[in-house]
Amino acid sequence: MLIGMVSAKGSPGVTTAALAVASQWPRRVLLLDADPFGGDIRAGLGGGEWPSAAGLADAVVDLRSTGMDEALRRRVHRPAPHAPPVLAGLGCVGQAPSVAWTQLATALGRMTGADTIADCGRYAVLDGVIPLLRACEVVVLVVGSGLRAVRTASRVAPLLREELGVEAGDIRVSVLVVGPDEPYSSSEIAAACELPLLGELPRDRRSADVWSEGVQPARAFDRSPLQRGAHRIAAKLVGAGTGGNGAA
Ligand SMILES: Nc1ncnc2c1ncn2[C@@H]1O[C@H](COP(=O)(O)OP(=O)(O)OP(=O)(O)O)[C@@H](O)[C@H]1O
Ligand SMILES: [Mg+2]
């Protein structure tokens, strides 16, 4: 199962949400940092200490001469015991169009016994990652709850549905609200986007810092609001991918 997470504008917390959800995934999972504006995970969660040859760029080169399993074995890195395995992202803006996303997605989709959550960064028509989004079984639009965020998300939502060829209401393109009620509620946001509501993640600065800044988790990290929210989202996504109704 291949899941794409994407934002419309600003930095609502796609990377944080993708890592938190992957850390709560009930099956084997790979976090693919596919942000076309350059991957953040190496510097954030990884604290800048990452094996230099571990990442997407080297995996893409490997795939010319070897299979996906071997490429992933060489290039995936698990930066901490609480973190999921990560295929770190591209170094800078402009590299994304040179990646054969469709082939990569097909190969990831064929992996047996493991799912992939792809952090696709901010949606942009010409960023080069669209073929990866099109190949996803489920796409999640991550959005904050302020007016500007909701306004932009409501404009991007129909474009995403069009990319995936799904009707309004289809759970394959859904919305995840980070920090609801500031001021709009999750259901208001879903209605504005005409997307099913996958769910919400609470604002939880301390736990978010674990994923975005590489801060060491506190002892109760797993029971924190963010991690518990991520656990619920993971269960819904697994349900959505297996044909269940994952909508809230
Ligand atoms: N649920 C949350 N609660 C509190 N802070 C959060 C939450 N999610 C993310 N943040 C914070 O917001 C900032 C941006 O998060 P993140 O890097 O995940 O966003 P993003 O959407 O991936 O941004 P970009 O488009 O720059 O990649 C970080 O400082 C992160 O700690
Ligand atoms: Mg990000």
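Reading the values: the criteria
Residues numbered from 1 in each chain as written. Chains lettered and ligands numbered in written order. Predicted model: local features only at pLDDT ≥ 70, side-chain atom pairs only at ≥ 80, totals over all residues. Heavy atoms only, no water. Pairing = 2+ DSSP bridges. Helix = DSSP H or I, 4+ residues; strand = E, 2+ residues; numbered from the N terminus. Contact = heavy atoms within 4.5 Å. Axes fitted to C-alpha atoms, helices over the stretch in contact; angles between N-to-C directions. Buried < 20%, exposed > 50% of the residue type's maximum accessible area, 1.4 Å probe, protein only. Parallel < 35°, antiparallel > 145°, perpendicular 65-115°, else oblique. Nonpolar A, V, L, I, M, F, W, Y, C, P; charged D, E, K, R; others polar. Near = heavy atom within 4 Å. Polar contact = N/O pair within 3.5 Å; in protein donor to acceptor, adjacent residues only side chain to side chain. Areas by Shrake-Rupley, 256 points an atom, 1.4 Å probe, with all protein chains shown as cover.

## So, the sheet that holds strand β3 (residues 86–87)
The parallel open sheet is built from seven strands, whose spatial order is β3-β2-β4-β1-β5-β6-β7. In this open sheet, the two strands that pair with only one neighbour each are β3 and β7 (197–201). Here strand β6 (residues 173–178) pairs with β7 via four bridges, running parallel. Each residue of the ladder has a partner; that of V177, found in β7, is E200. Docked against the sheet, helix α9 (residues 225–241) engages β1 (2–7), β5 (138–143), β6 and β7, running at close to 165 degrees with respect to β7.

## Comments concerning the pairing of strand β2 (residues 28–33)
When you tally the buried positions in β2, you get five out of six residues, the bulk of the element. Pairing analysis gives six bridges linking β2 to strand β4 (residues 114–122), with the strands arranged parallel. Bridging from a neighbouring strand, L32 pairs with A118 of β4. Relative to β3, β2 runs parallel, the two being bridged by two bridges. Residue pairing across strands places L32 opposite L87, the latter belonging to β3.

## Let's talk about the packing of helix α1 (residues 14–23) against α9
When two helices pack together, their arrangement is captured by the angle between the axes and the distance separating the axes. Interhelical geometry of α1 versus α9 gives an angle of 75 degrees and a closest axis separation of 8 Å. It follows from the interaxial angle that α1 and α9 lie roughly perpendicular. Seen from α1, the contacting residues are T16, A20, V21 and S23; seen from α9, they are L226, Q227, A230, I233, A234 and L237. For the contact of α1 with α9, the residue count by class is seven nonpolar, three polar and no charged.

## Things to note about the site of ligand 1
In the vicinity of ligand 1 there are 19 residues, among which V14, T15, T16, D204 and S212 approach most closely. Within the contact set of ligand 1, an oxygen atom lies 2.8 Å away from a side-chain nitrogen or oxygen of T15. At 3.0 Å from a nitrogen atom of ligand 1 is found a main-chain nitrogen or oxygen belonging to P202. In isolation ligand 1 offers 630 Å² of accessible surface; the protein chains occlude 82% of this area. At the level of secondary structure, the elements contributing two or more residues to the shell around ligand 1 comprise α1 and α8 (205–212). The biggest single contributor to the shell around ligand 1 is α8, with four residues. Each residue belonging to the shell around ligand 1 can be placed in one class, and the counts come to six nonpolar, six polar and seven charged.

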